[in-house]
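Chain by chain, the residues:
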Amino acid sequence: MNAKILITGATGNLGRAVGHALVQRNFTVRAAARNPEKVEAAATVERVKFDFTAADTVDAALTGVDGLLLIAPPMDSEAPAKLLPVIAKAKARGVKHIVLNSALGADQNEQSPLRIVEQALMQSGVPYTIVRPNFFMENFSTGFIAPMIKHQRGIFLAADDGKTSFISTRDIAAVVAAAFAEKLVGQEYNLTGPEALDHTQAAKLISEAVGQGVAYHALPEAAMLQGARDNGMPESAVQYLGALYSAVRAGYCAAVTDDVKRVTGQNPLTFQQFVKANQACW
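One structure accompanies this document, and this report is about it.

Calculation criteria
Residues numbered from 1 in each chain as written. Predicted model: local features only at pLDDT ≥ 70, side-chain atom pairs only at ≥ 80, totals over all residues. Heavy atoms only, no water. Salt bridge = Lys/Arg side-chain N within 4 Å of Asp/Glu carboxyl O. Helix = DSSP H or I, 4+ residues; strand = E, 2+ residues; numbered from the N terminus. Buried < 20%, exposed > 50% of the residue type's maximum accessible area, 1.4 Å probe, protein only. Pairing = 2+ DSSP bridges. Axes fitted to C-alpha atoms, helices over the stretch in contact; angles between N-to-C directions.

This model, assessed by the stated rule, comprises 18 salt bridges. Between Glu-46 and Lys-4 there is a salt bridge, and its shortest N-O distance comes to 2.8 Å. Here Lys-4 lies in strand β1 (residues 4–7) and Glu-46 lies in strand β3 (residues 45–49), a separation of 42 residues in the sequence. A residue is classified by how much of its surface remains accessible, and Glu-46, at 28% relative accessible area, is partly exposed. Judged by its relative accessible area of 10%, Lys-4 is buried. Across the pair Glu-118 and Arg-115 runs a salt bridge whose closest N-O atoms are separated by 2.7 Å. Highlighted residues: Glu-118 and Arg-115, both in helix α4 (residues 113–122), separated by 3 residues, approximately one helical turn. When sorted by exposure, Glu-118 lands in the same class as Arg-115, which is buried. Ionic contacts of the salt-bridge type, sharing partners, join the residues Asp-107, Glu-110, Arg-115, Glu-118, Arg-132 and Glu-188 into one network.

Glancing now at unusual backbone geometry. A positive phi is found at Asn-26, a non-glycine position, where the angle reads about 70 degrees. Considering the arrangement of structural elements, one finds Asn-26 in the loop between α1 (13–24) and β2 (28–33). The phi dihedral of Arg-153 is positive, around 50 degrees, even though this residue is not glycine. Mapping Arg-153 onto the fold places it in the loop between α6 (146–152) and β7 (154–157).

Now for the sheet that holds β1. Within the open sheet, the 7 strands sit side by side as β3-β2-β1-β4-β5-β6-β8. Their pairing is parallel. Lying at the two open borders of the sheet, with one neighbouring strand each, are β3 and β8 (187–191). Averaged over all adjacent pairs, the angle separating strand axes in this sheet is 15 degrees, with direction ignored. Alignment of strand β5 (residues 97–101) against strand β6 (residues 128–133), held across 4 bridges, turns out to be parallel. Bridge pairing links Asn-101 to Val-131 in β6.

Shown next, in the form of structure tokens:
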């Protein structure tokens, strides 16, 4: 029987990509989400309801799985309170391998929410792998930046001219699948694309692909955060967003690593390749 891997956040950009990558490697996938009916159907995919705040759904989802991909809810300052009990329950149920999706730079601040989760996982005694990806390229195609481009033909962020080594979830998923398949335990990988771009360069590449002008508008931080509030973002997430783009402005997101190629043997997708493949989104 093929090993069974539980994916939390299975309807998100990364969760979907990992699900596809694991199926291709002949794993059985248990796709967990608050709305499991949104999970794409497949012969080797089980759908299960999962809510970090509902212990019974966590218990049921963890029963009978061999591995766990743990994805924190996005921009959640309460990640430790939600994820640490899942790690403890996974250990109690004999889960053999936990892969944690963290974030690039989380290990540089011992008080950051995801670093607290990393440390708890490393000390849990469960074989682990930690992946720390940079900002997703998919933020531009199906994430929070996509409506700006589609409806306003602009990118409105407080990133100044800071550069980011954007990475596709396809490449993150390939690393996660390799970690499970090859049992790459006790490892930490910092995952980036092959180049660092500022948002003016990103906008130019999108413009060229769609044949329409798309411009980057550098906002003051206060304006970006107020816009997030006006769109209904909770205040804790607003503050998290501010910290993320403060890191971009400071140049902390510009690092480029070779971890994707080192693990998968393949070069990660360039932003230009990503844009050409996703131009229908805009």
